[in-house]
Amino acid sequence: MLTLDYNNAIIQDILSTRLRGEKMDALDMTVVDFDGVVYEIKTPTRKTELYVSLRWACYQELVAYGANAILQREYPDYLAPSPEPNYDVTLIIDLEKVPEDQEARDALVYKVSMLKRNLLAAPFEKAFSEQEEYEDPEKPNPTSELMAVHYREEEAMYIKANVDRVTCIFSTTFKDETDKIFGKVFLQEFVDARRRRVQSAPQVLYTTREPPMELKHLNLKDSDDISYVTFVLSARHFERGDVREETISRIQIFRDYLHYHIKCSKAYMHTRMRARVRDFLKVLNRAKPEVSGEKKTISGKTFVRA
């Protein structure tokens, strides 16, 4: 199966095109991404000064978990003092001042296209840091909070650090009966993967209707349309460096990955059914009896019309 990119391909393409000196006309574009994220890309003052703005319903929750620190770390030279109206954060890229080195330019383009990913990394980085404090004997144990990110309407993710692990819980809604069936099959495969094949994979727990024990105190509504998927991350999954960054990136796109492949599976099933119907119609057409050319007169005699 295909995997989804961590970055926004449209932003990456626009920035790459501008840095190559192509299509330098005025720009005012709105781009919609997964999870209700809305980007605005425009050149309000100069054609060489690009404004990239983002709006997300859960932005204030991410700020509470340290998103501003990540923005200052990743985009220190490009972060606007105040965002554009109706947006939460704005980056200003002056194309005349970007690095001349092609490798540095490519890195900048990719980093800007990862804006959504870097914002959503805030609660994960906080949880991983808290878990490291548990293991440090010289520091007192932190007071870990359950961090809720309502990144979609009627859906959320919950992250919490524990003494020996970090737990990430997704609530996902299946409003279509067919989606429920496909979703159950996919999620059960996630649960069984570690048991049967990949021992190094995180433990995955799957429940429907009733929320896990970690969420009991939130008094969430019970519904047959809601499923909960729990990822239990151990220390080897968030070692500092590339392993940690890859874990954050992959777990963020879990919900999009799941629903994307459910839709692909339904499209594949429809294609197979249409192909089978065409085959059946061919069989029926071949089974039509041939019409005889004999005719009868009023007296009952038969003749063949030439």
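To be clear, the structure that these remarks concern was listed above.
Residues numbered from 1 in each chain as written. Predicted model: local features only at pLDDT ≥ 70, side-chain atom pairs only at ≥ 80, totals over all residues. Heavy atoms only, no water.

We now examine the pattern of salt bridges. Applying the stated criterion across every chain, the model contains 27 salt bridges. A salt bridge links Arg18 to Asp25; the nearest nitrogen and oxygen atoms lie 3.8 Å apart. Its relative accessible area of 5% is what places Arg18 among the buried residues. Put simply, Lys266 and Asp179 hold a salt bridge, and the shortest N to O gap is 3.0 Å. Separated by 87 residues along the polypeptide, Lys266 in helix α8 (residues 254-286) and Asp179 in helix α6 (residues 177-196) bring together distant segments of the chain. Overall, the relative accessible area of 15% leaves Asp179 in the buried class. Taken together, the shared-partner salt bridges in this structure form one network comprising Asp35, Lys116, Arg152, Glu155 and Arg255. (Salt bridge = Lys/Arg side-chain N within 4 Å of Asp/Glu carboxyl O. Buried < 20%, exposed > 50% of the residue type's maximum accessible area, 1.4 Å probe, protein only. Helix = DSSP H or I, 4+ residues; strand = E, 2+ residues; numbered from the N terminus.)

With that settled, consider the sheet that holds strand β7 (residues 166-173). The strand order across the open sheet formed by five strands is β5-β6-β7-β9-β8, and the pairing between neighbours is antiparallel. Each of the sheet's edge strands pairs with one partner strand only, and the pair in question is β5 (147-152) and β8 (203-208). With direction set aside, neighbouring strand axes in the sheet form an average angle of 15°. Here β5 pairs with strand β6 (residues 155-161) via four bridges, running antiparallel. Following the sheet pairing, Ala148 is matched in β6 by Tyr158. With respect to the sheet, helix α5 (residues 115-135) is in contact with β5, β6, β7 and β9 (226-233), its orientation differing from that of β6 by roughly 20°. Sitting on the sheet, α8 touches β5, β6, β7 and β9, and the angle it makes with β7 is about 35°. (Pairing = 2+ DSSP bridges. Axes fitted to C-alpha atoms, helices over the stretch in contact; angles between N-to-C directions. Contact = heavy atoms within 4.5 Å.)

Before going further, it helps to examine a nonpolar patch on the surface. Nonpolar side chains collect at one region of the surface, where Tyr268, Met269 and Met273 lie side by side and expose about 320 Å² of accessible area between them. Summarising the element assignment, Met273 is placed in helix α8. (Patch = residues over 30% accessible without salt bridge, like charges linked within 9 Å, V, L, I, M, F, W, Y side chains within 5 Å. Areas by Shrake-Rupley, 256 points an atom, 1.4 Å probe, with all protein chains shown as cover.)

The next point concerns the pairing of strand β1 (residues 28-32). If a strand is regular, its side chains alternate between the two faces of the sheet. For β1 and strand β2 (residues 38-42), the ladder comprises five bridges, and the chain directions are antiparallel. What sits directly across from Thr30, in β2, is Glu40. In sequence, β1 turns back onto β2 through a hairpin of five residues, with Asp35 there showing a positive phi of about 65°.

To summarise the sheet geometry, strands pair through backbone hydrogen bonds and adopt either a parallel or an antiparallel arrangement. Read across the sheet, four strands follow the order β1-β2-β3-β4 without closing on themselves; strand pairing throughout is antiparallel. Across the chains shown, the open sheet's two edge strands, defined by having one partner strand only, are β1 and β4 (89-94). Averaged over all pairs of adjacent strands, the angle between strand axes in this sheet comes to 15°, irrespective of strand direction. Taken together, the six bridges between strand β3 (residues 49-55) and β4 define a ladder with antiparallel strand orientation.

Now for the packing of aromatic side chains. Where two aromatic rings form a pair, the distance of their centres and the angle of their planes describe that pair. Counted by the stated rule, this structure contains four aromatic pairs. Ring centres 6.1 Å apart and planes at 80° place the aromatic pair Phe170 and Phe231 in the edge-to-face group. With a gap of 61 residues between them, Phe170 in strand β7 and Phe231 in strand β9 connect regions that are remote in the sequence. Residues Phe170 and Phe231 agree in their burial class; the two are buried. Seen in terms of ring centroids, Phe231 and Phe254 are 5.0 Å apart; in terms of plane orientation they differ by 80°. Their pairing is edge-to-face. You can see Phe231 sitting in strand β9 and its partner Phe254 sitting in helix α8, a full 23 residues away along the chain. The class of Phe231 is buried, set by a relative accessible area of 8%. By relative accessible area, Phe254 is classed as buried at 6%. By way of ring pairs, the aromatic residues Phe170, Phe231 and Phe254 are connected into one cluster. (Phe/Tyr/Trp six-rings, centres within 6.5 Å; stacked < 30°, edge-to-face > 60°.)

Another aspect to go through is the packing of α5 against helix α7 (residues 242-252). The contact between α5 and α7 brings their axes to 10 Å, and the two run at 125°. On the basis of the axis angle, α5 is oblique to α7. Relative to α7, α5 is oriented so that their crossing is right-handed. Side by side, α5 and α7 meet where Arg117, Leu120, Ala121, Phe124, Glu125, Phe128 and Glu132 of the first sit next to Arg244, Glu245, Ile248, Ser249, Ile251 and Gln252 of the second. Its residues assigned to classes, the contact of α5 with α7 shows six nonpolar, two polar and five charged. (Parallel < 35°, antiparallel > 145°, perpendicular 65-115°, else oblique. Left-handed = near helix turned anticlockwise from the far one by under 90°. Nonpolar A, V, L, I, M, F, W, Y, C, P; charged D, E, K, R; others polar.)

Moving on: the environment of Pro44. Structurally, the position occupied by Pro44 is in the loop between β2 and β3. In contact with Pro44, other than residues within four places in its own chain, are Glu49 and Tyr51.

Glancing now at the environment of Ile169. Within the secondary structure layout, Ile169 lies in strand β7. The sequence separation of Ile169 and Pro289 amounts to 120 residues, and the corresponding C-alpha distance is 62 Å. Each residue touching Ile169, except ones within four places of it in the same chain, is listed here: Ala156, Met157, Tyr158, Pro212, Glu214, Leu215, Tyr228, Val229 and Thr230.

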